[in-house]
Amino acid sequence: MKITRVEAIPFAIPYRKPLRFASGEVHTAEHVLVRVHTDDGVTGVAEAPPRPFTYGETQAGIMAVIEQIFAPQLLGLSLTDREVVAARLGRTVGNPAAKAAVDMAVWDALGRTLDMRVTELLGGYTDRMRVSHMLGFDEPAAMVAEAERIRDEYGITTFKVKVGRHPVELDVAVVRALREALGAEVELYIDGNRGWTPTESAAAMKQMADLGLLFAEELCPADDVLGRRWLVSQLDVAFIADESVVTPADVTREILGGSATAISIKVARTGFTGSQRMHHLAEGLGLEIVMGNQIDGQLGTLCTVAFGSSYRLTARRAGELSNFLDMSDDLLTEPLTIHGGELAIRPGPGVGAEVDPDKLEHYRQDR
Ligand code: MUC
Ligand code: MG
């Protein structure tokens, strides 16, 4: 079970349809595939999606920190030394996606070694999650058409609507059009990616008061400390902290400071080890959790559903598991499929992912 090698492989897969939101846009999945090898001949895999507009990481930076700092620190450790792995990764500040991918590849290798699913190792609560689909910026008619297609093709009935544009009426019109077209039975929530001020957020929420929103996420920056507290104190909808809660300490600060009332857990930034800490803290604080998506490919999505299925609290709400549908291709031998609005974990050990060597050869950027 000893770690003998940690590989970081850059790859690029274009999106069929770019995703646009208040803090940025993604046209190509320029991710890093992480492989952790052991002396038993086992290989664990995970992917790191760089999001410079959210965490400051780039693809080249993720490669560098894994190859130059993390890999040498982990060689010789056992796959069961997960807290030692976490402590050594923790010596370096920042770099959440790079750390998360290394951590998840270690868990995947452990699952493969023990012939157990990661979901069983973590908590084993269930084997599937309801899926929430994210709608990026577009005209109201186009966003409604996409939601209808996703509902009809995949049975998905929960939608996260990207907001944060100016004037706020632009986004309010989209949410209203979605509610009118899709009816009362679908779940709708909004994510501002910090695009609005607290007062713009409050005005928008007033205009959407009759639209039955499930949640509002990160409408304004957490650094608007008093403004955000003022906003959250007047909402009758739970306010999700997403990019403002990258560590358990962030959760403590945001929740006890009155700047959020629920959290998004993204395994792409907290891995499995850190996400466990976030989950247990949220449970102790009595918070709702949404399993978020950092615009993950299929491997990242498998990691999210593996974690989300592990606990009652993370499986309760629909998880954001469908961004991969907009990619032109992916790395897995067997593509993920969403049926009846649900995504199931894979039967194999670890997270159940098999990377197709031909696809990796085609999309990798280091050859
Ligand atoms: C989200 O929930 O914010 C946008 C940027 C990112 O890192 O994740 C997405 C989705
Ligand atoms: Mg978000």
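The preceding data block contains the structure.
Note that the structure is a prediction, hence the values are computed from the model and not measured.

(A) Up close: the packing of helix α11 (residues 267-285) against helix α12 (residues 298-308). Contact geometry for α11 and α12: axes closest at 10 Å, N-to-C directions at 5°. Accordingly, the angle class assigned to the pair α11 and α12 is roughly parallel. The segment α11 lies against α12, with Val-267, Phe-272, Ser-275, Gln-276 and His-279 engaging Gly-300, Cys-303, Thr-304 and Phe-307. Across the contact of α11 with α12, the residue classes tally to 4 nonpolar, 5 polar and no charged.

(B) Quick look at the sheet that holds strand β2 (residues 24-38). Read across the open sheet, the 3 strands follow the order β1-β2-β3; overall the sheet is antiparallel. Only two strands of the sheet have a single neighbouring strand rather than two, namely β1 (3-21) and β3 (43-48). Put simply, the sheet's adjacent strands are angled 20° from each other on average, direction ignored. Where β2 lies against β3, 6 bridges are found, and the strand directions are antiparallel. Each residue of the ladder has a partner; that of Val-36, found in β3, is Gly-44.

(C) Region of interest: the site of ligand 1. Around ligand 1, the surrounding shell holds 15 residues, and the nearest of these are Lys-160, Lys-162, Asp-191, Asn-193 and Asp-242. In the environment of ligand 1, an oxygen atom lies 3.1 Å from a nitrogen or oxygen atom belonging to the side chain of Lys-162. Structurally, ligand 1 is housed in the largest cavity. Elements supplying a minimum of two residues to the shell around ligand 1: α1 (52-55) and β5 (158-162). Residue classes in the shell around ligand 1 are distributed as 4 nonpolar, 4 polar and 7 charged. If you count residues domain by domain, the shell around ligand 1 takes at least three from each of domain 1 (3-115) and domain 2 (120-344).

(D) A look at the coordination of the magnesium ion (ligand 2). Surrounding the magnesium ion (ligand 2) are the protein donor atoms Asp-191 (OD), Glu-217 (OE) and Asp-242 (OD), at 2.0 to 2.2 Å. Summarised as a motif, the one-chain spacing of the donors to the magnesium ion (ligand 2) is D-x25-E-x24-D. Taken together, the residues span a long stretch of sequence, with Asp-191 in strand β6 (residues 187-191) and Asp-242 in the loop between β8 (238-241) and α10 (248-256) at a distance of 51 residues. Using a relative accessible area of 1% as the deciding quantity, one classes Asp-242 as buried.

(E) Fine view of the environment of Val-161. Considering the arrangement of structural elements, one finds Val-161 in strand β5. Note on Val-161: relative accessible area 0%, which makes it buried. Distance from Val-161 to Asp-138, taken between C-alpha atoms, is 10 Å for residues 23 residues apart in sequence. Dropping the residues within four chain positions of it, Val-161 is found in contact with Leu-135, Met-143, Val-174, Val-175, Leu-178, Leu-188, Tyr-189, Ile-190 and Asp-191.

(F) Structural view of the pairing of β1. When β1 meets β2, the two strands line up antiparallel, connected through 14 bridges. Bridging across to β2, Ile-9 finds its partner in Leu-33. Taken together, β1 and the strand that follows it, β2, pair antiparallel across an intervening segment of 2 residues.

(G) Up close: α10. Within α10 the residues assigned to the buried category are Asp-250, Val-251, Glu-254 and Ile-255. End-on view of α10: buried residues confined to an arc of 115°, all on one side of the axis. More than 90 degrees from the buried face of α10, the exposed residues found are Arg-253 and Leu-256. Considering only its buried residues, α10 is in contact with α9 (225-234), β9 (262-265) and α11. Of the residues one or two after α10, Gly-258 is the one with positive phi, at around 75°.

(H) Quick peek at the nonpolar core. Grouped together as the largest cluster of nonpolar side chains are 118 residues, with contacts concentrated most on Ile-66, Val-161, Ile-190, Met-208, Ile-263 and Phe-272. Per element, the largest residue contribution to this core is 11 residues, and it comes from helix α4 (residues 96-114). The residues that make up this core include at least three from each of domain 1 (3-115) and domain 2 (120-344). If you look at the next biggest cluster of nonpolar residues, it comprises 5 residues, including Tyr-189, Ile-240, Ala-262 and Val-290.

(I) Highlighting a nonpolar patch on the surface. A cluster of nonpolar residues, Met-1, Leu-114 and Met-116, forms a patch on the protein surface that exposes about 210 Å² of accessible area. Structurally, Met-116 is set in the loop between α4 and α5 (118-122).

(J) A look at the packing of aromatic side chains. In total, this model carries 5 aromatic pairs according to the counting rule given. With centroids separated by 5.8 Å and ring planes inclined at 85°, the aromatic side chains of Tyr-189 and Phe-215 adopt a geometry described as edge-to-face. With Tyr-189 in strand β6 and Phe-215 in strand β7 (residues 215-217), the pair connects residues that are 26 residues apart, well separated along the chain. Across this residue pair, the class does not change: Tyr-189 and Phe-215 are buried.

(K) Molecular detail of the layout of surface pockets. Of the volumes computed, that of the largest pocket is approximately 520 Å³. Along the walls of the largest pocket sit 25 residues, with Lys-99, Val-246, Thr-247, Arg-269 and Thr-270 positioned nearest its centre. When contributions to the lining of the largest pocket are tallied by element, the ones reaching two or more residues are α1, α3 (82-90), α4, α10 and α11. Tallied by class, the residues present in the lining of the largest pocket amount to 9 nonpolar, 10 polar and 6 charged.

How each quantity is defined
Residues numbered from 1 in each chain as written. Chains lettered and ligands numbered in written order. Predicted model: local features only at pLDDT ≥ 70, side-chain atom pairs only at ≥ 80, totals over all residues. Heavy atoms only, no water. Axes fitted to C-alpha atoms, helices over the stretch in contact; angles between N-to-C directions. Helix = DSSP H or I, 4+ residues; strand = E, 2+ residues; numbered from the N terminus. Parallel < 35°, antiparallel > 145°, perpendicular 65-115°, else oblique. Contact = heavy atoms within 4.5 Å. Nonpolar A, V, L, I, M, F, W, Y, C, P; charged D, E, K, R; others polar. Pairing = 2+ DSSP bridges. Near = heavy atom within 4 Å. Polar contact = N/O pair within 3.5 Å; in protein donor to acceptor, adjacent residues only side chain to side chain. 1 Å grid on protein atoms, 1.4 Å probe; cavity = no way out; pocket = protein on both sides within 12 Å on 5 of 7 lines; lining within 4 Å. Sits in = over half its atoms within 2 Å of the grid points. Domains from an automatic or database assignment. Donors = N, O, S within 2.8 Å, 3.2 Å for Na, K, Ca; no water. Buried < 20%, exposed > 50% of the residue type's maximum accessible area, 1.4 Å probe, protein only. Arc of directions from axis to C-beta. Core = buried A, V, L, I, M, F, W, Y, C linked by side-chain atoms within 4.5 Å. Patch = residues over 30% accessible without salt bridge, like charges linked within 9 Å, V, L, I, M, F, W, Y side chains within 5 Å. Areas by Shrake-Rupley, 256 points an atom, 1.4 Å probe, with all protein chains shown as cover. Salt bridge = Lys/Arg side-chain N within 4 Å of Asp/Glu carboxyl O. Phe/Tyr/Trp six-rings, centres within 6.5 Å; stacked < 30°, edge-to-face > 60°. Points joined across faces, edges and corners; volume = space filled by probe spheres on them.

Nothing here speaks to function; it is all geometry.
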